[in-house]
Each structure stands twice: as C-alpha cells, then as structure tokens.
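Below are the chains, spelled out letter by letter.
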Amino acid sequence: MATQTIRFEQFFTAPREAVFAWFAKHENVGQLFYCGAKQVRDGDQGQAPNGVGSARLVHHGLIRLEQTITRFEPPALIEYQGKRHWPIGRQHGRLSFESVPGGTQLEYRIEYESLLPFSGGLLTSLLTNAWRRGVQRAVEAVSAAAAPVSN
C-alpha cells in the first residue's frame, strides 16, 4: 500500500474566521467533493459540536469513510483521521488557514493509503477533479456568508 498525498490551495477574499467556519461544518465536505456527508457524532465534552472528537460519514457510491476530527484550533487549523474502509486505508487530512492581504489562504493536504493495487492515482485524480469543481462552491458560499449586510 503506497501512501498518496494530495495538496490543494485556495485563496478566499473573506476573513479567516468566515473561511474556517464554512470548512468546519461537516456537511460542507459533500458540497466540496460532490459526495454525501453528514455529521454522525458531536465533539467531545467541552468542545465545539464540529470540534475534536466529532465525526462525519462521507459517502459516494460504494465508498463510505468515517472521519474523526483530531485537532480543531479556530480559526487556524482542522485535522482529521479516517478509519480504514475499502478502498481507502489510513487517511489524514489537514486544513490550515492563514490570514493574508485581502483575505485568507487555505492549504488542504490529504494523505491516504489505497487498499487496491495501482488505484492510488485514480483516487487522487477523482479527488482532484472533484476539488476543482467543488471549491468554487466554497468560494461563493464563504463570500456570501462574509458579505456585509446592508439595510
């Protein structure tokens, strides 16, 4: 099983807090990667509902992944670990949010092991294509949420 690493970057013309808030919602993973996603467990006692200990189920076709938040540091960092489930073995995700002039820079790294021989490249390609299509949804949603309300 070879480990695959995917790295995504995206600039948002919105404050870091707004970008972090959008990505912290488990259901938004579905919008981002064109799949189903729902929260299946709240964060540990004393944590935010989407914080450390919370989990989401991500599904697309026969693929089902449960991902548990392991680090949650608003508005800078979210990390998760995924349970091994066909066709993906060990997985780790890291989203880091940095305030930059004019907005926020997101770096999203995903590392995973493919359980099927020679399928890592295919899975990486599928995730990358979904990201390219779905990240525009995130940009639009974050921009709309961060826009000042006028009366």
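Residues numbered from 1 in each chain as written. Predicted model: local features only at pLDDT ≥ 70, side-chain atom pairs only at ≥ 80, totals over all residues. Heavy atoms only, no water.

### Points about empty space enclosed by the protein
- Scanning the entire structure with this criterion turns up one cavity of 30 Å³ or more.
- Lining the largest cavity, in full, are Trp22, Phe23, Lys25, Asn28, Val29, Leu32, Phe33, Arg56, Ile78, Tyr80, Leu95 and Tyr108.
- A total of four residues in the lining of the largest cavity trace back to one element, the largest contributor, which is helix α2 (residues 28-33).
- Of the residues belonging to the lining of the largest cavity, the class tally is nine nonpolar, one polar and two charged. (1 Å grid on protein atoms, 1.4 Å probe; cavity = no way out; pocket = protein on both sides within 12 Å on 5 of 7 lines; lining within 4 Å. Points joined across faces, edges and corners; volume = space filled by probe spheres on them. Helix = DSSP H or I, 4+ residues; strand = E, 2+ residues; numbered from the N terminus. Nonpolar A, V, L, I, M, F, W, Y, C, P; charged D, E, K, R; others polar.)

### Let's talk about unusual backbone geometry
- The peptide bond linking Pro74 to Pro75 adopts the cis configuration, its omega dihedral lying at -10 degrees.
- Inspection of the secondary structure puts Pro75 in the loop between β4 (63-73) and β5 (77-82).
- Positive phi values are uncommon outside glycine, yet Tyr34 reaches one of about 55 degrees.
- Relative to the elements of secondary structure, Tyr34 occurs in the loop between α2 and β2 (36-41).

### Considerations on the side chain of Ser96
- Within the secondary structure, Ser96 sits in strand β6 (residues 88-100).
- Using a relative accessible area of 18% as the deciding quantity, one classes Ser96 as buried.
- Residues contacting Ser96, with those up to four places away along its chain left out, are Ala76, Leu77, Gln105, Leu106 and Glu107. (Buried < 20%, exposed > 50% of the residue type's maximum accessible area, 1.4 Å probe, protein only. Contact = heavy atoms within 4.5 Å.)

### Regarding the sheet that holds strand β3 (residues 55-60)
- Read across the sheet, seven strands follow the order β1-β7-β6-β5-β4-β3-β2 without closing on themselves; strand pairing throughout is antiparallel. In the strand order of this sheet, the two ends are held by β1 (3-12) and β2, each with one partner. With strand direction ignored, the average angle separating the axes of adjacent strands in the sheet is 20 degrees.
- Here β6 pairs with strand β7 (residues 103-114) via eleven bridges, running antiparallel. Bridge pairing in β7 places Leu95 opposite Tyr108.
- The strands touched by helix α1 (residues 16-24) within the sheet are β1, β4, β5, β6 and β7, with β6 carrying the most contacts at an inclination of about 160 degrees. (Pairing = 2+ DSSP bridges. Axes fitted to C-alpha atoms, helices over the stretch in contact; angles between N-to-C directions.)

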